[in-house]
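Here are the chains, one letter per residue:
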Amino acid sequence: MMNSKKYLIREVFPHDIAGVESLIKTVMPEFGASGPGFAIHDPEVSDMFSAYHRERHVYFVVTDGDGIFGGGGIAPLTGSDKSICELRKMYFKEEIRGLGLGQQLMDLCLKRAVEMGFEKCYLETLKSMERANKLYLRNKFLLLQKPLGNTGHFSCDSFYLKDL
């Protein structure tokens with residue numbers, strides 16, 4: 001059955017904090033990403049509004065007006081030069097996967113990255129997130145042999161970079 005709800009992608013608000021944290025803590029374990037070296041343990045997960053409410057940072061949520069069903073954002077890549085951003089914490093609840101919202105959110109994130117003056121976009125993920133990997137390749141992200149920057153996500157096994 002097709003999901004007939006209407007979803008909106010907008011910037012994160014303070015009242016979204018618990019919903020975004022729940023999203024991340026629900027989706028990541030689904031893909032085996034709950035142990036050490038994964039983004040689920042980043043301090044920012046407990047308050048994505050404050051973490052992304054600053055210069056050259058943005059986080060978007062996918063909402064139906066009541067709940068948070070997805071999210072993703074852009075921030076400078078830690079431990080790298082200022083021309084590279086990172087696509088961060090892009091996750092979707094199972095019920096909205098396959099609706100095209102991942103592409104819409106990525107388009108918005110990359111557009112904003114260009115507006116913020118970034119020249120390249122980096123991301124880390126897992127091979128087990130097959131649909132996400134296909135999305136990155138469709139959007140001309142190049143698979144790297146090793147990680148960039150210093151994200152602390154030593155358990156990720158796939159790394160991508162895209163010229164903006």
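A brief structural summary.

The rules behind the values
Residues numbered from 1 in each chain as written. Predicted model: local features only at pLDDT ≥ 70, side-chain atom pairs only at ≥ 80, totals over all residues. Heavy atoms only, no water. Core = buried A, V, L, I, M, F, W, Y, C linked by side-chain atoms within 4.5 Å. Buried < 20%, exposed > 50% of the residue type's maximum accessible area, 1.4 Å probe, protein only. Helix = DSSP H or I, 4+ residues; strand = E, 2+ residues; numbered from the N terminus. Contact = heavy atoms within 4.5 Å. Salt bridge = Lys/Arg side-chain N within 4 Å of Asp/Glu carboxyl O. Phe/Tyr/Trp six-rings, centres within 6.5 Å; stacked < 30°, edge-to-face > 60°. Lys NZ or Arg CZ within 6 Å of the ring centre and 35° of its normal.

## Section: the nonpolar core
By size, the foremost hydrophobic cluster in this structure holds 49 residues, and its most contacted members are Ile24, Ile74 and Leu87. At the level of elements, helix 1 (17-30), helix 2 (48-52), strand 2 (58-63), strand 3 (68-76), strand 4 (84-92), helix 3 (101-115), strand 5 (120-125) and helix 4 (130-138) are the ones that each hand at least two residues to this core. The element that contributes the greatest number of residues to this core is helix 3, accounting for 6 residues. If we skip the residues at most four places from it in the chain, Leu87 touches Gly73, Ile74, Met106, Cys109, Cys121, Tyr122, Leu123 and Tyr136. Core analysis: the second largest hydrophobic core is formed by 6 residues, Ile84, Cys156, Phe159 and Leu161 among them.

## Some words on the pattern of salt bridges
Under the criterion given, the structure shown has 11 salt bridges. The partner of Glu30 in a salt bridge is Arg97, with the nearest N and O atoms 2.7 Å apart. Placement of Glu30 in helix 1 and of Arg97 in the loop between strand 4 and helix 3 is noted, with a sequence separation of 67 residues between them. On the basis of relative accessibility, which here comes to 22%, the residue Arg97 falls in the partly exposed class. Salt bridges linked by common partners bring Asp42, Glu44, Glu86, Arg88 and Lys89 together as one network.

## A word on the packing of aromatic side chains
Scanning the entire structure with this criterion turns up 4 aromatic pairs. Centroid distance Tyr136 to Phe141: 5.9 Å. Interplanar angle 65°. Geometry classified as edge-to-face. There is no split in this pair, since Tyr136 and Phe141 are both buried. Cluster of aromatic residues (ring-pair linked, three or more members): Tyr136, Phe141 and Tyr160. Lying over the aromatic face of Phe118, Arg56 brings its terminal NZ or CZ to 3.7 Å of the ring centre. The lysine or arginine in question, Lys93, covers the ring of Phe69, its NZ or CZ lying 5.4 Å from the ring centre.

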